Amino acid sequence: MKKNNAFRRAAALMAALSITVSLAAPAFADTYYIDYGDITITKNEDGSQTIEQGGDKWTDKAGEETVITTSNTVITTLESDLEGPEAEDSDFGPVVEDNYQPAQPEDAEKPEGADQPESAEEPKSADRQESADQQAAPAAAPADTTPVNPKDDGFWGNTITVINNIADKVLNLTLKDVKIDVSDTGDQYDWDQKGKAALSVQGKGNVEIELDGENELKSGAYRAGLEKNNSTSAGTLTLKDNKEAGSGSLNAEGGALSAGIGGSYNGDSANNGTKNIIITGGTVTATGGDGGAGIGGGNGGAAENITITGSTVTATGGSALGFGGAGIGGGGDGRNSDSNGKNITITGSTVTAKGGNGSAGIGGGVAGIGEAITITGSTVTATGGIGAAGIGGGIGGSGKAITITGGTANATGGEFGAGIGGGERCDGENITITGSTVTATGDRGGAGIGGGAGESNRGNGNGNNITITGSTVTAISNGCGQRGNGGGAGIGGGCNRNGSHITINGGTVTAEGGDHGAGIGGGAKGSGSNVTVSGAAQVTAIAGKGDRWDGAGATIGSGSGGSTKNPDGTFTPGSGQEIQANISGLITGWIHHIIYDPALVSEDNPDGILKEWWEPERPQPNPEDPNAPAEESNEVSLGTPGLHVETLEGDLLPFNARQQGSTLRVTTDNLAARLHGTRQALEALREQGVEQIQFVTSFKTTTLSVEDLLAEGGSWFALEHNGLVSRRLSAAQAESLKCRMR
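Residues numbered from 1 in each chain as written. Predicted model: local features only at pLDDT ≥ 70, side-chain atom pairs only at ≥ 80, totals over all residues. Heavy atoms only, no water.

**Focus: the overall build of the protein chain**
Moving on, step 1. Each helix and strand counted, the protein chain has 7 helices and 55 strands in total.
Moving on, step 2. Counting all 742 residues of the protein chain, 53% fall into the buried class.
Moving on, step 3. Across the protein chain, contacts joining residues at least 24 apart in sequence account for 73% of those joining residues at least 6 apart.
Moving on, step 4. Approximately 30300 Å² of the protein chain is accessible, and the part contributed by carbon and sulfur atoms is 46%. (Helix = DSSP H or I, 4+ residues; strand = E, 2+ residues; numbered from the N terminus. Buried < 20%, exposed > 50% of the residue type's maximum accessible area, 1.4 Å probe, protein only. Contact = heavy atoms within 4.5 Å. Areas by Shrake-Rupley, 256 points an atom, 1.4 Å probe, with all protein chains shown as cover.)

**Details of the packing of aromatic side chains**
Moving on, step 1. The tally for this structure, following the rule as stated, stands at 4 aromatic pairs.
Moving on, step 2. Ring plane angle 45° and centroid distance 6.0 Å describe the contact between Tyr222 and Tyr265, whose orientation is recorded as tilted. One end of the pair, Tyr222, is in the loop between strand 11 (214-218) and strand 12 (226-227); the other, Tyr265, is in the loop between strand 15 (261-262) and strand 16 (274-280), with 43 residues separating them in the sequence.
Moving on, step 3. According to the relative accessible area criterion, Tyr265 is buried, its value standing at 2%. (Phe/Tyr/Trp six-rings, centres within 6.5 Å; stacked < 30°, edge-to-face > 60°.)

**Let's talk about the pairing of strand 45 (residues 590-596)**
Moving on, step 1. Here strand 45 lies mainly inside the structure; 7 of its 7 residues are buried.
Moving on, step 2. Residues Trp590, His592, Ile594 and Tyr596 line one face of strand 45 and the alternating positions Ile591, His593 and Ile595 line the opposite face, and both faces are buried.
Moving on, step 3. Across 5 bridges, the pairing between strand 41 (residues 538-542) and strand 45 is parallel. The residue bridging Thr540 from the neighbouring strand is His592, located in strand 45.
Moving on, step 4. Where strand 45 meets strand 46 (residues 609-615), 6 bridges bridge the pair, whose relative direction is antiparallel. Within strand 46, the residue paired with Ile594 across the bridge is Glu612. (Pairing = 2+ DSSP bridges.)

**Let's talk about the sheet that holds strand 52 (residues 692-696)**
Hydrogen bonds between backbone groups are what pair the strands of a sheet, and the pairing can be parallel or antiparallel.
Moving on, step 1. Strand order in this open sheet of 4 strands is 49-50-52-53, and the pairing throughout is mixed. Taken across any chain shown, the strands that pair with only one partner, and hence form the sheet edges, are strand 49 (656-660) and strand 53 (701-705). For this sheet, the mean angle separating the axes of adjacent strands, direction not counted, is 20°.
Moving on, step 2. Where strand 49 lies against strand 50 (residues 663-667), 5 bridges are found, and the strand directions are antiparallel. By the bridge assignment, Gln659 is partnered in strand 50 with Leu664. (Axes fitted to C-alpha atoms, helices over the stretch in contact; angles between N-to-C directions.)

**Here's the deal with the side chain of Ser560**
Moving on, step 1. If you trace the backbone, Ser560 turns up in the loop between strand 42 (556-557) and strand 43 (563-565).
Moving on, step 2. For Ser560, a relative accessible area of 0% puts it in the buried group.
Moving on, step 3. Within the structure, the side chain of Ser560 is placed 3.4 Å from the backbone nitrogen of Gly551, a separation counted as a polar contact.
Moving on, step 4. Those residues in contact with Ser560, other than ones at most four positions away along the chain, are His516, Ala524, Lys525, Asp550, Gly551, Ala552, Gly553, Gly574, Ser575 and Gly576. (Polar contact = N/O pair within 3.5 Å; in protein donor to acceptor, adjacent residues only side chain to side chain.)

**A closer look at unusual backbone geometry**
Moving on, step 1. For the bond from Glu615 to Pro616, the omega torsion is -20°, close enough to zero to count as cis.
Moving on, step 2. Considering the arrangement of structural elements, one finds Pro616 in the loop between strand 46 and strand 47 (635-636).
Moving on, step 3. Positive phi is not limited to glycine here, since Asn430 has a value of about 55°.
Moving on, step 4. Position of Asn430 relative to the elements: it lies in strand 31 (residues 428-434).
Moving on, step 5. Here Lys525, not a glycine, exhibits a phi torsion of approximately 70°, which is positive.
Moving on, step 6. Along the chain, Lys525 falls in the loop between strand 39 (520-521) and strand 40 (528-534).
Moving on, step 7. Note on Lys525: relative accessible area 46%, which makes it partly exposed.

Below, the structure written as structure tokens:
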């Protein structure tokens, strides 16, 4: 007869507990329990790993897996297994095998009269293998050990130290549902009273940690949650989730002035930085203590060579006591040290990074540079603290060599910081965005993309060498800088600073300046120069708004330069100086210029538009002709028989025709097409000042001289594109095609 569920549950727990108290070492000699004391793992020259706990030592041979878990996790797992379908089918519930032989500690003594195995020379690894193959029972703790330092909610007050001083060997470790909380150790008000690190990585060799289940590490004062200091660790730390992809996670919390993952605080003049950290797979949450980065340096410490691949990461810099650390990058107060964030690479991941006061979401800590930041195929949300960029420099730090490719980024600067680029009073330069969707918002004088807020008498804040290709970008500078300094450019300089060498090729870009700043170019009182728009770019440039004291910025050009005092004591607001962008390479795109004036908002002008224009001039329908073409049509009306684009078989195709100076650009989004028109059309174009026709298809552009076409005689002309091949038809051939037109 079947036993009831309560009976089976009791039997399962009794069996598991019986195993736990009867063994003298971990069952497979590669599984160890954090609830039975501190654990130290050391890599040996022969590739083996020595594990020490509670005065006992074990050695895992090269290639064997070292696992740290908790005994209650194993018992819970066993109980769950014993209550499964097989147990339901058994009258007596689970059966626990009793034929496995555990490994012994290296210094363990066998009691007198104990049974010996048939072959006393058989190595203990054979026992491990037999046990592993049979899967008879879970691992257990030493028989003479009881759990120590229990905490609430399944946490333990014991620590893990990992030491690898063998440069050409990798120390491998698996954390499985390990929960350590030593956050109550040390004294955050006494720098000499440092707490314990939940897990510390040391040595010149590499360490790889597999994450299984849910793992949590909470460290004490002045220690990182997962500690890797430059002063004690030169190798690479890799956190991975390879066994069951997506199932492993880690939550690491640093103590005061220390990172969630990375550097601890070792004093004002010490090296509090970290480098060479890789996260590949799994879910990682890292929170810095006051002044520490989420992932990166401790207070005043730099971060270098941080790589995140195929992971979900949330990183938050701490700042409750004042200056904070970056979400990913440099630590807090680096005014007298190095808090840079360099060589940060994010690939195929989802990352949320928030900087503490004065530090970037991704990049520099306080006074730290954010440099060589590369984001590829990822979704990134980055928010800077006060004075810092979302992605780039911390307060007082520049942001440079920032590359975003094939991903989605939402970057928001703190007050006075750029969305992407420089922190307050610092430049943003060499920023490249390709094939991505990006929203970048600067605040109170910081550019959307470019420089942080500058001041009239000190600091930088320029935005230079910014290239956007084939992307959807919205770049906005919000509000006005401190002390009435005005806003930054949407793309370009922060307030009081300049924007130069800005290139947009293809894509859709909206750039809006802050108060008195240019849409693209200089911030308020700053200049703009060398702006190029090309390809099929569709750009909307919105000038920063003016007020009664100072006028609006340019759409593309400079910010407003202030106001002029009149003899009667009144002031006349100035306005930004427009510059001509280089649009010689603009094929099918356009620039839409908008200047708003809030004072003009009315029922007839709900948006308060002061001025609006397009480059090239946008074609407008003829209201007197209901059949007049819209912006794209099958025919451009010239007051005479028209100009057409058709397939090579003679079927009409939609196209776009715009006149830019003396050039008429005729474009169609097709690989193969024919431009076909009449002599009367050519004559009408000549009267309108058109000297050449540029025919543009997907892969080919050809320019024809109007005078040359007219000199050929004939009543028709035709030009064919087929992929990369161009063929100009004779007047007779063009004439023979006319009957196919509709």
